[in-house]
Amino acid sequence: MTSTQKQQQQAANNAEGGAKKKKVTAAQLRAQKDIAELSLPPTMRTHFPDPDDILNFELKIEPDEGIYKGGLFKFTFSINNNFPHEPPKVRCTQKIYHPNIDLDGNVCLNILREDWKPVLNLNAVMVGLQFLFLEPNPSDPLNKEAAEDLRLTKESFKRNVRQSMQGGFVKSVQFDRVLK
Amino acid sequence: MKVTIKTYNAVAYWRWDAPSDDVCGICRVQFDGTCPNCRFPGDDCPILNGKCGHSFHLHCVNDWIQTESSRGLCPMCRQKFEFEAE
Ligand SMILES: [Zn+2]
Ligand SMILES: [Zn+2]
Ligand SMILES: [Zn+2]
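None of the values given here were measured: they were computed from a predicted structure. (Residues numbered from 1 in each chain as written. Chains lettered and ligands numbered in written order. Predicted model: local features only at pLDDT ≥ 70, side-chain atom pairs only at ≥ 80, totals over all residues. Heavy atoms only, no water.)

Per the secondary structure count, chain A includes five helices and six strands. When burial is assessed residue by residue, chain A has 49% of its 180 residues classed as buried. Summarising the internal contacts of chain A: among those between residues at least 6 apart in sequence, 54% fall at separations of at least 24. Counting only carbon and sulfur atoms, one obtains 48% of the accessible surface of chain A, whose full area is about 8,800 Å². (Helix = DSSP H or I, 4+ residues; strand = E, 2+ residues; numbered from the N terminus. Buried < 20%, exposed > 50% of the residue type's maximum accessible area, 1.4 Å probe, protein only. Contact = heavy atoms within 4.5 Å. Areas by Shrake-Rupley, 256 points an atom, 1.4 Å probe, with all protein chains shown as cover.)

Take a look at the structure:
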């Protein structure tokens, strides 16, 4: 078992143990199943800052190809009591230069919004997030400048992404350093 | 940003008189068991078979249909969720 799997298992076990003490909600039960069934590629890791709380956790993505390769991107997941009828709330905790993520960390991904359905699981959401780094998409942007940049010349977009990942400025905005 | 879900980890068994999927896609509990809010399986927590071929606990799919964003669609295939009257 990898350490991540151990952690997932532990989080799942803790939620189960908690069932005897206090009533476990439908959202917790479903989240527990999703977490126990995660099968993530080595480029993604979950972390539970509070092992007793399976509804709030972190996801780290280290893309191994594409323009964002070499970066380490951090997201927080928070799941409310309407899960799985409502999608998890996902935010990027770093300020990054990406057409589908705004400067506050809000993420534009269809399955987290209009295309959410309760049969989608957390694994699908995580794989979808990773896809954003492999294929940033200029249509449907949250950061319009970055989208325009990508649409006009891919070369200049690439340069600006590299610049931003080093903690540099792009168009007078300073970004967080995200290199490993 | 749009992604398309190409695969689900859905497991299906065939058996008599039972829905084609073994677990309710919403709560992910087996149909032999109840939805998360009920204690006793059976008539108290029935299973609804949609005309589209997808089945859920009545209580689970009810919660979803009452969610505004569901627009009355099946959470599996996104066709209008209608069920067969017994
Ligand atoms: Zn159910
Ligand atoms: Zn029920
Ligand atoms: Zn259906």
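As a further point, take the coordination of the zinc ion (ligand 3). Residue and element names in this part refer to chain B. Taken together, the protein donors to the zinc ion (ligand 3) comprise Cys52 (SG), His54 (ND1), Cys74 (SG) and Cys77 (SG), at separations of 2.0 to 2.4 Å. One can describe the donor arrangement at the zinc ion (ligand 3) as tetrahedral, given that its four donor atoms subtend angles of 107 to 113° at the metal. In primary sequence terms, the donor set of the zinc ion (ligand 3) follows C-x1-H-x19-C-x2-C. Taken together, the residues His54 in the loop between β1 (47–49) and β2 (55–57) and Cys74 in the segment after α1 (58–66) connect sequence positions 20 residues apart. One exposure class covers both His54 and Cys74, and it is buried. (Donors = N, O, S within 2.8 Å, 3.2 Å for Na, K, Ca; no water. Tetrahedral: all angles 85-135°; square planar, octahedral: opposite > 155°, others 65-115°.)

Residues and elements named next belong to chain B. The zinc ion (ligand 1) binds to the protein through Cys24 (SG), Cys27 (SG), His57 (ND1) and Cys60 (SG), with metal-donor distances spanning 2.1 to 2.4 Å. Within one chain, the residues serving as donors to the zinc ion (ligand 1) are arranged as C-x2-C-x29-H-x2-C. Both residues of the pair, Cys24 and Cys27, belong to the buried class.

Residue and element names in this part refer to chain A. End to end, helix α3 (residues 122–134) covers 19 Å across 13 residues, agreeing with the expected 18 Å (1.5 Å per residue, within 8%). The element α3 is largely enclosed, with a buried count of 10 among its 13 residues. Regarding α3, the residues found buried are Leu122, Asn123, Ala124, Val125, Met126, Gly128, Leu129, Gln130, Leu132 and Phe133. Buried residues in α3 make contact with α2 (26–36), β1 (44–47), β2 (56–61), β3 (73–78) and β4 (89–92). (Expected span 1.5 Å × (residues − 1).)

Each partner contributes to the interface: chain A provides 29 residues, whereas chain B provides 21 residues. Interface area, chain A with chain B, both sides summed: about 2,200 Å², of which 56% is carbon and sulfur. On the chain A side of the interface with chain B, the three residues burying the most area are His85, Lys117 and Val119 of chain A, jointly 30% of the side's total. For the pair chain A and chain B, the interface holds two salt bridges. Close ionic contact of Glu37 of chain A with Arg28 of chain B constitutes a salt bridge, the shortest N to O distance being 3.6 Å. For the pair chain A and chain B, the number of links is four residue pairs in polar contact (both at pLDDT 80 or more). Ranked by the residues each element gives to the side of chain A that touches chain B, the list is headed by α2 of chain A, at five residues. For the side of chain A that touches chain B, a count of residues per class yields 13 nonpolar, seven polar and nine charged. (Buried area = accessible area lost by both parts, 1.4 Å probe. Salt bridge = Lys/Arg side-chain N within 4 Å of Asp/Glu carboxyl O. Polar contact = N/O pair within 3.5 Å; in protein donor to acceptor, adjacent residues only side chain to side chain. Nonpolar A, V, L, I, M, F, W, Y, C, P; charged D, E, K, R; others polar.)

Glancing now at the UniProt feature "active site" (unreviewed entry) in chain A. The feature "active site" (unreviewed entry), as annotated in UniProt, sits at Cys108 of chain A in this numbering. When you line up the elements, Cys108 of chain A lands in the loop between β4 and α3. Judged by relative accessible area, Cys108 of chain A falls into the buried class, the value being 6%. Residues contacting Cys108 of chain A, with those up to four places away along its chain left out, are Asn100, Arg113, Leu132, Asp140 and Leu142 of chain A together with Met1 of chain B. (UniProt positions renumbered as here; feature names shortened; annotations may be inferred.)

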